[in-house]
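# Structural overview
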Amino acid sequence: MSHPILSIKNAIKSYGDVRALNQVNLDVAEGEFLTLLGPSGSGKTTLLSAIAGFIRLDTGSLTLRSEDITRHPPEHRNFGMVFQGYALFPTMTVRENVGFPLKIRKHSANDIKKRVNESLEMVQMGAFADRMPSQLSGGQQQRIALARAMSFNPQVLLLDEPLSALDKKLRADLQWELKALHQQLGVTFIYVTHDQDEALSMSDRIVILKDGGIQQEGDPNTLYNSPRNTFVADFLGKSNFIDLTVNGQTGNTLHCAAKDVSFDITSETPASAGSGIKVALRPERLRIGAPDQEFLPATVKQVSYLGERCQVIVTHPTLGEMLVSRPTWKTDITPVAGLAVSIGWEPDAPVILSPE
Ligand code: ADP
Ligand code: MG
């Protein structure tokens, strides 16, 4: 990255025996929508709090443009923030809440009025300026929190799971709005979530955290299609995992065997004969057909109907259970528990994983 707006170098933070951040190195590009994604306890809030200046790193540094801000207090970093536990002030009106960051920055009354109105328009809450927070729904409160975070035109916006308390439909609407706002403003967003779908749908780039360390980073498409290891393949979407032995190679085709099953895999990287590898297979890359139509015999164990897709668990006599996801408009066979079927996939479907 040529000129990152923010650079985190060798960040370490421990709480007793817990390494909340374990040697994190991360550059954030100007204007990007960057998402920190990981399970609960993976260090997302700790990393965001360190960027915000709420906690001090044990070691490591933070650079904003070319300025070292490692020891700057939060109020000197000038980031906009929407944090859990950083709720609206309950005794202030919406207008006062949104104007608060401007007031402490000593803007004039006229300027505050103008910017508050602009910020409220941006989140379509202009009509609610004189309400108290308690008179707003959860989604409306989050909109106001966003307006407050943006009222002073920060160069970076930090958001810690801002939508996690909302119901699914409202969350989806606000995801679109946030994404549109990001495009409209061109401000750098650093967004924390534990929700894979949210990360995939909103981000320019995703950083996957586990136990305080970065597992992989990349754009949504790369991460989904080329997960580096089991953790990423399993956390971002669903995967089937198969342990294989490589028997030989012809060009970029690996001839592999899993137990008594032989098949080919397309691979750019060579693998020596006799070596063991692990692959991930996305459920939507598996085909399911009538017996003998595909190369592996299987039996349907369970079917789950999800509207546009249905998920089918099948069992193979030696490979065990595999998850298949197929569009519900496919009606060549109707999977029901106990049905004899066959499954197959293209040689480029399996993704070879690095050992962890
Ligand atoms: P996430 O936001 O990904 O759920 P956190 O950054 O909150 O994770 O926490 C990372 C780890 O650090 C967890 O194991 C958590 O229990 C621990 N931790 C976070 N804050 C504190 C704290 N103030 N005191 C002790 N342990 C903490
Ligand atoms: Mg958290």
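Nothing here was measured: the structure is a model prediction, and the numbers come from that model. (Residues numbered from 1 in each chain as written. Chains lettered and ligands numbered in written order. Predicted model: local features only at pLDDT ≥ 70, side-chain atom pairs only at ≥ 80, totals over all residues. Heavy atoms only, no water.)

## Notes on the packing of aromatic side chains
- A complete count under the given rule lists 8 aromatic pairs for this structure.
- When the ring of Phe 33 is compared with that of Tyr 191, the centres are 5.5 Å apart and the planes differ by 45 degrees; the resulting orientation is tilted. Highlighted residues: Phe 33 in strand 3 (residues 33–37) and Tyr 191 in strand 8 (residues 188–193), separated in sequence by 158 residues.
- Owing to a relative accessible area of 1%, Tyr 191 belongs among the buried residues under this scheme.
- A ring pair is formed by Phe 263 and Phe 295, whose centres lie 6.3 Å apart and whose planes are at 35 degrees; its orientation type is tilted. In this pair, Phe 263 is assigned in strand 13 (residues 261–266) and Phe 295 in the loop between strand 15 (287–289) and strand 16 (296–305), connecting sequence segments 32 residues apart.
- For Phe 263, a relative accessible area of 8% gives the class buried.
- An aromatic cluster of at least three residues, connected via ring pairs, comprises Phe 33, Phe 189 and Tyr 191.
- Directly above the ring of Phe 89 sits Arg 148, whose terminal nitrogen or CZ lies 4.9 Å from the centroid.
- Across the ring face of Tyr 224, the terminal group of Arg 282 is positioned such that the distance to the ring centre comes to 3.9 Å. (Phe/Tyr/Trp six-rings, centres within 6.5 Å; stacked < 30°, edge-to-face > 60°. Helix = DSSP H or I, 4+ residues; strand = E, 2+ residues; numbered from the N terminus. Buried < 20%, exposed > 50% of the residue type's maximum accessible area, 1.4 Å probe, protein only. Lys NZ or Arg CZ within 6 Å of the ring centre and 35° of its normal.)

## A word on the side chain of Ser 119
- Along the polypeptide, Ser 119 turns up in helix 4 (residues 109–122).
- The contact partners of Ser 119, leaving out residues within four places of it in the chain, are Val 98, Ala 147, Met 150 and Ser 151. (Contact = heavy atoms within 4.5 Å.)

## Observations regarding helix 6 (residues 168–185)
- If you check helix 6, its first and last C-alpha atoms are 26 Å apart, about what 18 residues at 1.5 Å a residue would give, namely 26 Å.
- All of the buried residues along helix 6 are Arg 171, Leu 174, Gln 175, Leu 178, Lys 179, Leu 181 and His 182. Relative to the axis of helix 6, the buried residues are bounded by an arc of 160 degrees and lie together on one face. Opposite the buried face of helix 6, by more than 90 degrees, sit the exposed residues Lys 169, Trp 176, Gln 183 and Gln 184. (Expected span 1.5 Å × (residues − 1). Arc of directions from axis to C-beta.)

## Details of the domain arrangement of the chain
- Annotation of the chain at the domain level lists domain 1 (6–235) and domain 2 (240–352).
- The distance between the C-alpha centroids of domain 1 and domain 2 comes to 39 Å.
- The partner domain 2 presents 6 residues to the 8 residues of domain 1 that form the contact.
- Of the roughly 610 Å² buried between domain 1 and domain 2 on both sides combined, carbon and sulfur atoms contribute 52%.
- Inspection of the domain 1/domain 2 interface yields 0 salt bridges.
- On the surface where domain 1 and domain 2 come into contact, there are 3 residue pairs in polar contact (both at pLDDT 80 or more).
- If you list the elements that add at least two residues to the side of domain 1 that touches domain 2, you get helix 8 (220–225) and helix 9 (230–235).
- Partitioned by chemical class, the residues of the side of domain 1 that touches domain 2 number 4 nonpolar, 3 polar and 1 charged. (Domains from an automatic or database assignment. Buried area = accessible area lost by both parts, 1.4 Å probe. Salt bridge = Lys/Arg side-chain N within 4 Å of Asp/Glu carboxyl O. Polar contact = N/O pair within 3.5 Å; in protein donor to acceptor, adjacent residues only side chain to side chain. Nonpolar A, V, L, I, M, F, W, Y, C, P; charged D, E, K, R; others polar.)

## Details of unusual backbone geometry
- With phi around 60 degrees, Lys 106 is a residue other than glycine that occupies positive phi space.
- Here Lys 106 lies in the loop between helix 3 (94–104) and helix 4.
- Of note in the backbone geometry, Glu 161 takes a positive phi value of approximately 45 degrees without being a glycine.
- Of note, Glu 161 is situated in the loop between strand 7 (156–160) and helix 6.
- Owing to a relative accessible area of 11%, Glu 161 belongs among the buried residues under this scheme.

## What about the sheet that holds strand 1 (residues 6–15)?
- Judged by pairing direction, the sheet is antiparallel, and its 4 strands sit side by side in the order 2-1-4-5 without closing on themselves. Bordering the open sheet on either side are strand 2 (18–28) and strand 5 (67–68), each of which pairs with just one other strand.
- Pairing geometry for strand 1 and strand 2, over 8 bridges, is antiparallel. In the strand pairing of strand 2, Ser 7 is matched with Asp 27. (Pairing = 2+ DSSP bridges.)

## A word on the sheet that holds strand 11 (residues 240–250)
- Strand order in the open sheet made by the 5 strands is 13-12-11-14-20, with antiparallel pairing throughout. Because the sheet does not close on itself, it has two edges, and the strands there are strand 13 and strand 20 (351–353). Averaged over all pairs of adjacent strands, the angle between their axes in this sheet comes to 45 degrees, without regard to strand direction.
- Of the strand pairs in this sheet, strand 14 (residues 276–281) and strand 20 are connected by 3 bridges, and their pairing is antiparallel. What sits directly across from Val 279, in strand 20, is Ile 352. (Axes fitted to C-alpha atoms, helices over the stretch in contact; angles between N-to-C directions.)

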